[in-house]
Each structure stands twice: as structure tokens, then as C-alpha cells.
Amino acid sequence: MICTPKRHCTALLTLIVGLSCLLLNTTPTRAQGIDPEDRPISRVSIEGLKNVSKQLVLNQVRSLAGDPYDAQTVEQDIVRLTHLGRFDQVTARVEPQDDGSVVLIFDVSEQALLADVQVVGNKAIADNTILGMVLLRPGDPADPFLIEQGLGRIVREYHNKGYFVADISIDRELLRDSNILVYRVREGPRVKIKGIRFEGNERYTHKQLKSKLRSKTYFPIFQKGDLNREQLDLDSSGVRDFYHARGYLDAQVGRRIDLSPNEKDAVVVFLIEEGQQYMVYQVRILPPEDGEQRLLPESQIRQYLTLAPGDVFSTDQVEK
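For clarity, every value in this text was computed on a predicted model and none was experimentally measured.

## Examining the side chain of Asp143
Structurally, Asp143 is set in the loop between α4 (127–134) and α5 (144–160). Buried and without a salt bridge, Asp143 has Arg86 as its closest oppositely charged side chain, separated by 7.4 Å. Not counting residues within four places of it along the chain, the set of residues in contact with Asp143 comprises Gly85 and Gln111.

Listed below in C-alpha cells is the structure:
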């Protein structure tokens, strides 16, 4: 049989809807020839709770006893319960009653509780400092989102302190088998900036652009030259603002870090797309809106303006 585009789209839509119902498990009674939609809910039950408060769960549920069953509301309830960060899985099912009503049952699978939270391999940053970034303590649910969030915070802290090649990992096996969360740190060397270069700059010199940077190259005793990713981002913004203030409104500035083979030194390369320089075509002072009065005449206002047609458009001059 040849499937026309219309039939193909219909078949695909049916497949998607079917998969959605299977994943959410909100209409399993259809297999028994029962459609719960609009039937009154006689009771709402929560099954699978061990450590989580039942009241906490019920506070998230909008499907209430006495209300008609609504599949969309049940799906939204599942989303709210999942966002609590206490469960690995949440599903819903109904049990039909002789009087025509249904019992709505939410089946939950609680996340395991952490037995301990540790960090190993760290020297440059103290244990208490790192654990303070994690926001998880023994007895908390092993929430994957919070675990990964803590990992990202630790990595950023090391990068900001110059440990650009620091590697942080989680002992997944220990977490799975013993509910012990361990962050393993490989600090690596502290990276020094041995050189700064610019690529793509044609209008302004290396010396002019370098004066806008706060990052400095390493010089024994006098300059640490530590590579700080956050500061490099600020430097990129500073160079971009330098261009914008001189009429290059489309200018973009990125950066690249070239590490030495021993990962102890780096050359920072700022990548510049200058774009075109904009000129002032016209300066207009808009008339007052209806019902408003201008305190100063236009001629007096223009006395304070430094930009005129033909000038290079400068964001600094606009601010002034």
C-alpha cells in the first residue's frame, strides 16, 4: 500500500500520542476497555513512599477527590511531582469502582538518600569550600541535577583559580552501590599566561588593544600571570566595548587558549571580527507625545549634543 503524506502524518501523530500515554502511564485502563476521562475521582492515593512526606506530595497534586478525571491535569501533576527532586520515577494509574468512579493512584519511586558526601584529591581548595559548593548533605536525596550542578561549580572554581586543566569526576559506582557521593579531583598544574595575541584586528594595534586587558602575562616575582577564565571573559567584553565605542557596532570578540605540551603555560589569543564602522547619518529630537510639553526648546537641547551628522558613531559620546 502506498502511504500518502496525509496518512503518513496521521500514523506518525498516532504513534507519538501512543508513546506519550505509555510513558506517562495515565490511561492504562483503556487496555481493559475503560475510559476514565470525566469520571468522578473518589480518592487520590500515593504509593511507594518511604521517606518523603505524603502531605508534601499531595500539596503538588491538583487532581482532587470529587473532581472529574482529566488526563491533562494528571500529566501536570506528574510533572510537578518530578520537579520535587525526590523521585526517580512518577507514574499514574486508575482503578475503576462499582459506582462508576475511579481511584487515582500515583506510583512513585523515591531517590536513594545519600549516606555521605566527600571530596578527594584536592589540595589547592579546602574540603569545606568545595563541599559548600555542592549543596548536598548526608540524608539528602541523590538528585542527579544537584550532583551535576555541584560538579560544574567545582570545575568553575578551579578554572577561576588558574587550574585550567583541572578535572573533576564523580565515583558513579560507589554512588550506585553505597549511596556515597564522592567528587574526585585531579587538579593538574596551575596554568600561567606566557603570551597574549590578537587575531583579526586591522584597525587597532596590539598595543592599543592590550591596554584594555586586566589579564597579564607571567613575569617572575612581579606578575603572577595566572590564567583566570572569568577574567578572560571580562577582557573579551572590554575589547568588544572598545570597538563599539569607536563605531564598530558589529564587532565580536572571542578567545582561544593554546596550552603548552606540559599544560603549565598558555598563550591567550583574542579572536576579533571588527565589522564595519558606522557614521552618524542624522540626529533627530522627537517631538513631545500628545499632552506633554518640552521643558527646553530643541535649539537649546542641540547645544548639548556632541554627535553630528558625519561623525563616527560612538557609544561613549551617546552616553555623554
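## What about the layout of surface pockets?
Over the atoms, a rolling probe the size of a water molecule traces out where space has been left empty. Roughly 190 Å³ of volume is contained in the largest pocket. Contributing to the lining of the largest pocket are Val280, Gln282, Val283, Tyr304, Leu305, Thr306, Leu307, Phe313, Gln317, Val318 and Lys320. Classifying every residue of the lining of the largest pocket gives seven nonpolar, three polar and one charged. Empty space within the second largest pocket amounts to approximately 150 Å³. What lines the second largest pocket is simply Ala112, Ala142, Asp143, Pro144, Ile147, Glu148, Arg172, Leu175, Arg176 and Asn179. Listing elements by their share of the lining of the second largest pocket, those giving two or more residues are α5 and α6 (172–178). Split by residue class, the lining of the second largest pocket holds five nonpolar, one polar and four charged.

## Remarks on the sheet that holds strand β9 (residues 265–273)
Strand order in the open sheet made by the three strands is β7-β9-β8, with mixed pairing throughout. Edge positions in the open sheet fall to β7 (192–199) and β8 (252–259), since each of these has one partner strand only. In this sheet, neighbouring strand axes are inclined to one another by 20 degrees on average, regardless of whether the strands run parallel or antiparallel. Inspection of the sheet shows β7 paired to β9 by seven bridges, in the parallel sense.

## Description of the environment of Asn228
Checked against the element boundaries, Asn228 lands in the loop between α7 (206–210) and α8 (229–244). Along the chain, Asn228 and Val191 lie 37 residues apart, while their C-alpha atoms are 8.9 Å from each other. Within the local environment of Asn228, its side chain forms a polar contact with the backbone oxygen of Asn160, the two atoms lying 2.6 Å apart. Engagement of the side chain of Asn228 in a polar contact is seen with the backbone nitrogen of Glu230, the distance being 3.0 Å.

## Side note on the sheet that holds strand β1 (residues 41–47)
The three strands are arranged β1-β3-β2 in an open sheet whose pairing can be described as mixed. In this open sheet, the two edge strands, each paired with only one partner strand, are β1 and β2 (87–96). Strand-to-strand twist in this sheet, taken as the mean axis angle between neighbours without regard to direction, amounts to 15 degrees. In the sheet, β2 pairs with strand β3 (residues 102–110) via nine bridges, with the strands oriented antiparallel. Pairing of Val90 across the sheet is with Val108, part of β3. Along the sheet face, helix α3 (residues 71–82) touches β2 and β3 and points at about 150 degrees away from the line of β2.

Procedures and definitions
- Residues numbered from 1 in each chain as written.
- Predicted model: local features only at pLDDT ≥ 70, side-chain atom pairs only at ≥ 80, totals over all residues.
- Heavy atoms only, no water.
- Helix = DSSP H or I, 4+ residues; strand = E, 2+ residues; numbered from the N terminus.
- Buried < 20%, exposed > 50% of the residue type's maximum accessible area, 1.4 Å probe, protein only.
- Lys, Arg positive; Asp, Glu negative; His and termini not counted.
- Salt bridge = Lys/Arg side-chain N within 4 Å of Asp/Glu carboxyl O.
- Contact = heavy atoms within 4.5 Å.
- 1 Å grid on protein atoms, 1.4 Å probe; cavity = no way out; pocket = protein on both sides within 12 Å on 5 of 7 lines; lining within 4 Å.
- Points joined across faces, edges and corners; volume = space filled by probe spheres on them.
- Nonpolar A, V, L, I, M, F, W, Y, C, P; charged D, E, K, R; others polar.
- Pairing = 2+ DSSP bridges.
- Axes fitted to C-alpha atoms, helices over the stretch in contact; angles between N-to-C directions.
- Polar contact = N/O pair within 3.5 Å; in protein donor to acceptor, adjacent residues only side chain to side chain.

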